[in-house]
Amino acid sequence: MKVLICSAWPYSSGVPHLGNLIGSLLSGDVFARYYRLKGFDALYVSGTDMHGTRTEFEALKQGISAKKLAEKNHKLIKKLIEDFEIKFDNYTSTESETHKKFVKEIYEKMEKNGFIFTQLEKRAFCENCKKFLADAFIEGVCPKCGYEYAKGNQCDKCGALLEAEELKNPKCKICGQSNIIFKETKHWFLDLKKLQPEIEKYVKSHTKWQGNVKHFTENLLKQGLKPRAVTRDIEWGIPAPFKDAEGKVIYVWAEAALGYVSATIEHTENWKDFWFGNVKHIYTLAKDNIPFHTILFPAQLIASKDGYHLPDQISATEYLNWEGGQKFSKSRNIGIFMDDALKLLPATYWRFYLLYDRPESKDANFSWKELEKSINQILIGDFGNFVNRTLKFVEKYYALQIPKAELDNEDKTILDKIHVTEEVISEILESGKIKDAIDAIVNLCRTANTYFQQREPWKNQDKKDATIYTCTQLVKALSIFMYPFTPSLSEKVWEILNIKEKLSWKELEKNIEPGHLIKKPEIIIEKIDIKELKENYNSLKNA
């Protein structure tokens, strides 16, 4: 079986923040590394969402073209992804020629198959700016939940899919005025109403979807799907391929997810194996993206009638907000964004903190206290200290050689816990969750530390050899388990263990043989000073 992992595409309007990082990019990397580690033919794809009104709006503020801003930020985001040790097989952009060609072709198929129709409708037009407004340029009160900052296409609070005319008290975000009228224009629509029976059939087949995914999706289906415009009257985007659609572009939501297919096509000539064969699809995203991945994207694939494999696992996080529940905002200096994060701490620290506290069941707020606890107490206190004390013991008492030992029942019971933990981690990750998998690793670290402490190898000569032999096997297993989460840290331990074979899940089946020579141990990770870190953060903010 092949595995395709797809992460929601970062917007080219700016640098992703920590919430974006954990919601899509970092979570996808964990799954990709895990499946590769287990020997699956796994492919991880995503890219920068170059189009859309967020980018157009930001470019307008900066006085440059949307294309120039998008290209600049794409390069920056790609570099930051690499610096965070996120390993894509193909990180591309929606400006690629492969993507444009695929979008054109699949929409021509949807139209031919009777799922695209035209309709005159009234769209938001700012009389002050003298232009039609794309949804991101409109802000108002959500008619469903009363949220004051709903966008023209979606409410980020309740998840409702909206049309701009449904908003109460709409304002133009370009000029800040309420001089909005609704002017007649022609648009092309995807007939979601016609597709609803097929979508419902697809959704019902996924009984194991996690709570927030089921809740959002089933609510939308109960309300009844309505046709949704796939074109917009803006300049920056992929030209609509329909007859008489000059001056229109494909709406950003209606082409970005199709990039999962085009990114695969761009990467390999065997792309069909990942879209039509024996394959598992995993999508990582934040909860506001759920309907685009459980309804709209599947609807597009169904409408093509090409028989595409539809999304299987939707691993959607709740929101990670800033302290006190504030929304991240670069312009208002609220929160930490990917570029600033790496100025404060190396990637390993952020990876572990974000994954250990991944918001899977409810929204979470960034916490300096939790950052300190997850690094100093958990990553270093539980994992790092066990690795260090074990390997230092091998150096001091055995001249870097793994001792030969006869194991008693206590030793064998501890080693059995490796395989129990292996099964737990596999079950959790393969169900689309992450946080509990790290908890299982931490529990094994704590068990290992307790075992070492109770056996007292520094004074209990009868059990010293067996204790250190057993602890070395635990160090090896823990370095494998930690790899999807903190890859460079695992590689550092693997290097000290001096194991010539490639780090892989299969290595869990083998023990390090007695007499094996390890390299001189070194401290694998240092503690953080949270007071100093906060001071550095404040300096960055005020720079």
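Here goes a summary of the coordinates provided. Note that the coordinates shown come from a computational prediction; the quantities given were computed from them, not determined experimentally.

About the criteria used
Residues numbered from 1 in each chain as written. Predicted model: local features only at pLDDT ≥ 70, side-chain atom pairs only at ≥ 80, totals over all residues. Heavy atoms only, no water. Pairing = 2+ DSSP bridges. Helix = DSSP H or I, 4+ residues; strand = E, 2+ residues; numbered from the N terminus. Buried < 20%, exposed > 50% of the residue type's maximum accessible area, 1.4 Å probe, protein only. Phe/Tyr/Trp six-rings, centres within 6.5 Å; stacked < 30°, edge-to-face > 60°. Lys NZ or Arg CZ within 6 Å of the ring centre and 35° of its normal. Core = buried A, V, L, I, M, F, W, Y, C linked by side-chain atoms within 4.5 Å. Contact = heavy atoms within 4.5 Å. Right-handed = clockwise from strand over helix to strand, strands pointing away.

### Description of the sheet that holds strand S5 (residues 131-132)
And then number 1: Here we have four strands laid out as an open sheet, ordered S5-S4-S9-S10, and antiparallel in their pairing. In this open sheet, the two edge strands, each paired with only one partner strand, are S5 and strand S10 (228-229).
And then number 2: Where strand S9 (residues 180-190) lies against S10, two bridges are found, and the strand directions are antiparallel. Counted as the bridge partner of Phe189 is Ala229 from S10.

### Topic: the environment of Pro484
And then number 1: Position of Pro484 relative to the elements: it lies in the loop between helix H15 (461-482) and helix H16 (487-497).
And then number 2: Separated by 455 residues in sequence, Pro484 and Asp29 have C-alpha atoms that sit 7.4 Å apart.

### A word on helix H11 (residues 347-356)
And then number 1: Along H11, 10 of the 10 residues are buried, which leaves the element largely enclosed by surrounding structure.
And then number 2: Looking only at H11, the buried set comprises Ala347, Thr348, Tyr349, Trp350, Arg351, Phe352, Tyr353, Leu354, Leu355 and Tyr356.

### Focus: the packing of aromatic side chains
And then number 1: Under the defined criterion, the tally for this structure stands at 37 aromatic pairs.
And then number 2: Between Tyr353 and Phe366 the ring centres are 5.6 Å apart and the planes differ by 85°, which places this aromatic pair in the edge-to-face class. Of this pair, Tyr353 sits in helix H11 while Phe366 is found in the loop between strand S16 (364-365) and helix H12 (368-398), placing the two residues 13 residues apart along the sequence. Phe366 carries the same exposure label as Tyr353, and that label is buried.
And then number 3: An aromatic cluster is built from Trp9, Phe102, Tyr260, Trp271, Trp275, Phe276, Tyr283, Phe297 and Tyr308, whose rings are joined through pairwise contacts.
And then number 4: We note Lys183 situated over the ring of Phe125; from NZ or CZ to the ring centre the distance is 4.2 Å.
And then number 5: Stacked on the ring of Tyr356, the Lys or Arg Lys435 has its end atom at 5.3 Å from the ring centre.

### Focus on unusual backbone geometry
And then number 1: Phi at Glu85 is positive, roughly 60°, even though this residue is not glycine.
And then number 2: Position of Glu85 relative to the elements: it lies in the loop between helix H3 (66-83) and strand S3 (90-93).
And then number 3: Owing to a relative accessible area of 21%, Glu85 belongs among the partly exposed residues under this scheme.
And then number 4: A positive phi is found at Glu456, a non-glycine position, where the angle reads about 45°.
And then number 5: If you trace the backbone, Glu456 turns up in the loop between helix H14 (435-455) and H15.

### Points about the environment of Glu218
And then number 1: Within the secondary structure, Glu218 sits in helix H6 (residues 211-223).
And then number 2: Taking relative accessible area as the criterion, Glu218 reaches 33% and is therefore assigned partly exposed.
And then number 3: Residues Glu218 and Leu310, 92 residues apart in the sequence, show an inter-C-alpha distance of 17 Å.

### A look at the nonpolar core
And then number 1: Of all hydrophobic cores here, the largest spans 104 residues; its most connected members are Leu18, Ile336, Trp350, Leu371 and Phe383.
And then number 2: The element contributing the most residues to this core is H12, with 13 residues.
And then number 3: When near neighbours in sequence (up to four residues on either side) are disregarded, Ile336 contacts His17, Leu18, Trp322, Phe328, Ala341, Leu344, Trp350, Phe366, Trp368 and Tyr537.
And then number 4: Of all hydrophobic cores here, the second largest spans 60 residues; its members include Cys6, Tyr202, Ala254 and Tyr308.

### Structural notes on the pairing of strand S1 (residues 2-7)
And then number 1: Among the six residues that make up S1, five are buried, leaving the element largely enclosed by the rest of the structure.
And then number 2: Note: S1 against strand S13 (residues 279-286), six bridges, orientation parallel. Within S13, the position partnered with Ile5 by the bridge is Ile282.
And then number 3: Two elements, S1 and strand S2 (residues 41-48), share five bridges in a ladder whose sense is parallel. Bridge pairing in S2 places Val3 opposite Ala42.
And then number 4: In this region the chain leaves S1, passes through helix H1 (residues 18-37) and returns to the parallel neighbour S2; the handedness of that crossover is right-handed.

These figures capture arrangement, not role.
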